[in-house]
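Commentary on secondary and tertiary structure
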Amino acid sequence: MISPSMIPRHLVIAIGAMVLVVLFMGIYGWHMRGRASELPPALADTRPVAAPVAGPTEQVTLYVAYDNPGILRPQSARIPLPSGRQQRAEELLRALVNVYLDNSSPHPLPRGAEVRNVYLVPPDLAVVDTDSAFADGHRSGILEEELTVASLVETLAANTSGITRVKILVDGKERDTLAGHADLTTFYDVDAVKKLIEQMQSGQR
Amino acid sequence: MHWNRSLLAVVLVLLVSNAPSADEKRISIYSTAANYSLPLIERNGGDYVGLLEILDPLGSVSARNDGPHWKIRYNNIEGEFTSGKSRMRIRGKDSDLPANFLLERGRGLVPVSSLSTLLPRFLGGPVTFHESARRLFVGSVATQFSAELSKTNPPRLIMNFTSPVNPTIATEPGKLRMVFIREPLLPPGAQTLNFADQTISSATFAENNGTADITVVGDASLMATFSNDGRTITIAPAPQRPAPPAAPPPSVAVQSAPPPMPPPAVSTPPVIAPPNANTNHQAPYLVVLDASHGGDERGAALTDKLAEKDVTLAITRRLKQELENRGVSVLMLRDADATLSLDQRAALANNSRPAIFVTLHASSQGNGVRLYTALIPAGGENRGNFLDWDTAQSSFLPASQNALALVANELQKKQIAVRTMSAPLRPLNNISAPALALEVAPSDKDIAQLLLPDYQQTIAGAVASGVAALRDKTAQAGTQR
């Protein structure tokens, strides 16, 4: 049996100091935890980690939108493309969207914008499924929205043979408009979009 | 508590599964907390309603049954009923229902005729029950209205309501009926108001099966427009059918086709103006103006505080004035901060049979005015008298492009930068008349310019001149024919 009087004085002081430190750290930790919960969560980068694409690089033509002066410009790019027709179409549009996600983009798209899937439906239909970030964060305006739509449709049609109609979905579902203006309820006629692009290039002012 | 939730879930499932039909008996309850409608159940030759459903939207309510006994707690007030008995106890006091209480699968049903005495005991305040019409008012919640006939030419009946209303409107030649389901509408004294006018002769209030309705009678086809945030409804004779456009579509049959109707999946538009059958009169040149967006749909955020819907409404009002100054009749689809779907806008426009449809948008990008005609989507086939909803504009596209050229010309005369192209913009493709969209941007980079009266007026004046030029061209083509 050890009586308290047998514990050396310096040991009592050291234990007391350690208890005080533990208490202080506990209170400090509790305080910091409370503050952390009040802080807004850091903006998560929802962009998916792209799976490596197998296959040789190929030259494709991307129709890139320029807000100023409001036209599409064809732009050559070399991107790795898989062999499957549908996968090629997906990679093609992902490459296009990556152009728009760049900080120096001439037609910025919101962070997290993504083409989830492209479905090629025989004989002539392509269905482009975008994610909700693509539409929810898209700038609202007739010209801004139609530039995006025309860019997707023309890039797809120019590099994938046999497509005459394109339907755009958001998160796998039909939506009324892209961001309040461009109609997403109907099927885009590739020829009509080509004429629209010609009108844009002619820059009638 | 858990089985209380289960009971409520059962009740909700029952409510959802009982979709209302035209013949279904219903009761409407109006209160400051909520306005709602419930189906009635016929038992033993009388009408019954679930007491839990009646009280649920009004406060905190729970119920449980113990054999034949059913106990309900509303806020802090307890009531006890016994299945097959008329005796009840509320706040510790016994009294009798006019018919027996029923308990069905844990759901307590009370006779509808008991509500005027039963509910005040739970709610602690007065209720007014129009039993024959099955409309129950909790406290002072009534919406009143006044109706005044404006002796303009043609006359207009202006109805002002003390709260916003959103009735379902049905028309037939010489009659317009507005049905108010959610609104605690009460008549302004007399049930029938006579106006001593042939065009709009009377307005009659009636209530039945949980709804109120106002029927306006006249000698012409009538149509209603909303303003003042839904507090004002103006009823006027429907505009006459206009003369054919300057650049007629290739097929006369298509041009004289009835307006296409929206696909069945969309909700019924709140206002259904009748197709105008009277083509004997000299038709005025009618322009339908659509201030895009509105209500919940703000459009583009031009700045942190400036929404596209407000700019479009301001410019549309100026354009209306400018057109009327040039002797052009105008119908504005919205003259207030109201929500209208794209299908509703197209249906309203098509039913008015306009000479031209103009929708206005605003943007912070670019400069000047961008003018658009419809980018016709793939598919769709217009066969004879039937126009496909999505491609109804196809036959009118040449006329739309003709109108676009005239408006662009007038804007350029005012030194306003103009760009013309097509756009996948609804409802342009649904319109069975020449149709244009304007997207107004500031002339320089200053967004505030969109709000400047001078800038708005210059654009409105130029567009109105373009439309007037189209009208003159149309009239000229008509006389030469």
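What comes next is a walk through the structure. (Residues numbered from 1 in each chain as written. Chains lettered and ligands numbered in written order. Predicted model: local features only at pLDDT ≥ 70, side-chain atom pairs only at ≥ 80, totals over all residues.)

1. Section: the overall build of chain A
Rule in force here: Every helix listed is a DSSP run of H or I at least four residues long, and every strand listed is a run of E at least two residues long, numbered separately from the N terminus. Comment: burial labels come from other C-beta atoms within 10 Å of the residue's own C-beta, placed from the backbone, where a count of 20 or more is buried, 12 or fewer is exposed, and between is partly exposed.
Looking only at helices and strands, one finds 5 helices and 6 strands in chain A. Going from N to C terminus, chain A has its helices and strands arranged as α-β-β-α-β-β-α-α-β-β-α. Within the span of chain A, comprising 205 residues, buried residues form 33% of the whole.

2. Thoughts on unusual backbone geometry
With an omega of 5°, the peptide bond running from A:P122 to A:P123 counts as cis. Looking at the element boundaries, A:P123 is found in the loop between strand 3 (115–121) and strand 4 (125–130). Cis geometry marks the peptide bond from B:R426 to B:P427, where omega comes out at 5°. Along the polypeptide, B:P427 turns up in the loop between strand 27 (418–423) and strand 28 (435–440). Located in the positive-phi region is B:R91, a residue other than glycine, with phi close to 55°. Here B:R91 shows up in the loop between strand 8 (87–90) and strand 9 (93–96). Look at B:R91 and you get exposed, because 11 C-beta atoms sit within 10 Å.

3. Here's the deal with the interface of chain B and chain A
Applicable threshold: Whether two residues are in contact depends on their C-beta atoms, placed from the backbone: they are in contact if these lie within 7 Å. Amino acids are sorted into nonpolar (Ala, Val, Leu, Ile, Met, Phe, Trp, Tyr, Cys and Pro), charged (Asp, Glu, Lys and Arg) and polar (every other residue, Gly among them).
Each partner contributes residues to the interface: chain B has 28 residues there, and chain A has 25 residues. For the side of chain B that touches chain A, the secondary structure elements donating two or more residues are strand 26 (369–374), strand 27 and strand 28 of chain B. Of the residues forming the side of chain B that touches chain A, the biggest block, 6 residues, is contributed by strand 27 of chain B. A per-class count over the side of chain B that touches chain A returns 14 nonpolar, 9 polar and 5 charged.

4. What to know about the nonpolar core
Most often, soluble globular proteins have nonpolar side chains that are buried together. Our working rule: Note on terminology: a nonpolar core is any set of buried Ala, Val, Leu, Ile, Met, Phe, Trp, Tyr and Cys residues joined through C-beta atoms within 7 Å.
With 137 residues, the main nonpolar core has A:L93, A:L156, B:V287, B:V407, B:L436 and B:V467 as its most contacted residues. Top element by residues in this core is helix 4 (residues 142–159) of chain A. It accounts for 9 residues. The contacts of B:V287, once residues within four sequence positions are left out, are B:L323, B:V328, B:V330, B:P354, B:A355, B:I356, B:V358 and B:V467. Formed by 29 residues, the second largest nonpolar core is a distinct cluster that contains B:L51, B:L52, B:F81 and B:F122.

5. Things to note about the sheet that holds strand 10 (residues 102–104) of chain B
Residues and elements named next belong to chain B. Short version of the rule: At least two DSSP bridges between two strands are required for those strands to pair. Only the contacting stretch of a helix is used when fitting its axis, a line to C-alpha atoms as for every element, and angles between N-to-C directions run 0 to 180 degrees.
Spatially, the 4 strands line up as an open sheet ordered 3-4-11-10, and their pairing is antiparallel. This sheet does not close on itself; its edge strands, each paired only once, are strand 3 (41–43) and strand 10. Strand-to-strand, the axes of this sheet are offset by a mean angle of 40°, without reference to chain direction. Pairing of strand 10 with strand 11 (residues 107–111), which is carried by 3 bridges, proceeds in the antiparallel orientation.

6. Observations regarding the sheet that holds strand 26 of chain B
Residues and elements named next belong to chain B. Taken in spatial order, the 6 strands make up an open sheet running 24-23-25-28-26-27, and their pairing is mixed. Across the chains shown, the open sheet's two edge strands, defined by having one partner strand only, are strand 24 (329–332) and strand 27. Here the average twist between neighbouring strands, direction ignored, is 25°. Across 4 bridges, strand 23 (residues 286–291) lies against strand 24 in parallel orientation. Its bridge partner lying in strand 24, L289 is registered against M332. Taken strand by strand, helix 6 (residues 342–352) contacts strand 23, strand 24 and strand 25 (356–362), and its axis lies near 170° from that of strand 23.

7. Here we look at the packing of helix 2 (residues 85–101) of chain A against helix 4 of chain A
A pair of packed helices can be characterised by two numbers: the angle between their axes and the separation between those axes. All names here are of chain A. The cut-off we apply is this: Orientation categories follow fixed angle ranges, with anything under 35 degrees roughly parallel, anything over 145 roughly antiparallel, 65 to 115 roughly perpendicular, and all other angles oblique. The crossing is said to be left-handed when, going from far helix to near helix, the turn is anticlockwise and less than a right angle, and right-handed when the turn is clockwise.
With their axes 10 Å apart at the nearest point, helix 2 and helix 4 run at an angle of 140° to one another. Considering the angle they form, helix 2 stands oblique to helix 4. Our pair here, helix 2 against helix 4, has a crossing hand that is right-handed. For the pair formed by helix 2 and helix 4, the contact residues are A89, L92, L93 and L96 on the first element and S151, L152, T155, L156 and N159 on the second. Residues that form the contact of helix 2 with helix 4 fall into these classes: 6 nonpolar, 3 polar and no charged.

8. A look at the pairing of strand 25 of chain B
Residue and element names in this part refer to chain B. Burial of strand 25 is extensive: 7 of the 7 residues sit out of reach of the surface. Bridging between strand 23 and strand 25 involves 5 bridges; their strand directions are parallel. Pairing of V287 across the sheet is with I356, part of strand 25. As defined by bridge partners, strand 25 adjoins strand 28 across 6 bridges and the pair is classed as parallel. Paired with V358 across the bridge in strand 28 is L436.

9. With respect to the pairing of strand 27 of chain B
With 6 of 6 residues buried, strand 27 of chain B lies mostly within the body of the structure. Judged by which residues are buried, strand 27 of chain B turns out to be covered on both faces: B:V418, B:T420 and B:S422 on one side and B:R419, B:M421 and B:A423 on the other are all buried.

10. A closer look at helix 6 of chain B
Residues and elements named next belong to chain B. Of all 11 residues in helix 6, 11 are buried, a share of seventy percent or more. Of the positions making up helix 6, those classed as buried are L342, D343, Q344, R345, A346, A347, L348, A349, N350, N351 and S352. Contacts from the buried residues of helix 6 go to strand 23, strand 24 and strand 25. Positive phi appears at R353, one or two residues downstream of helix 6, with a value of about 50°.

11. Regarding the packing of helix 4 of chain A against helix 5 (residues 190–202) of chain A
Residues and elements named next belong to chain A. Where helix 4 contacts helix 5, the two axes come as close as 10 Å, and the packing angle between them is 115°. Handedness of the helix 4/helix 5 crossing: left-handed. Note on element contacts: helix 5 touches helix 4 through V190, V193, K194, L196 and I197, opposite A150, V153, E154 and A157. Counted by class, the contact of helix 4 with helix 5 contains 7 nonpolar, no polar and 2 charged residues.

12. Some words on the environment of A:Y119
Residue and element names in this part refer to chain A. Looking at where Y119 falls in the secondary structure, it is placed in strand 3. Exposure remark for Y119: the 14 C-beta atoms within 10 Å place this residue in the partly exposed category. Taking the C-alpha atoms as reference points, Y119 and D129, separated by 10 residues in sequence, lie 8.0 Å from one another. Not counting residues within four places of it along the chain, the set of residues in contact with Y119 comprises Q86 and V127.

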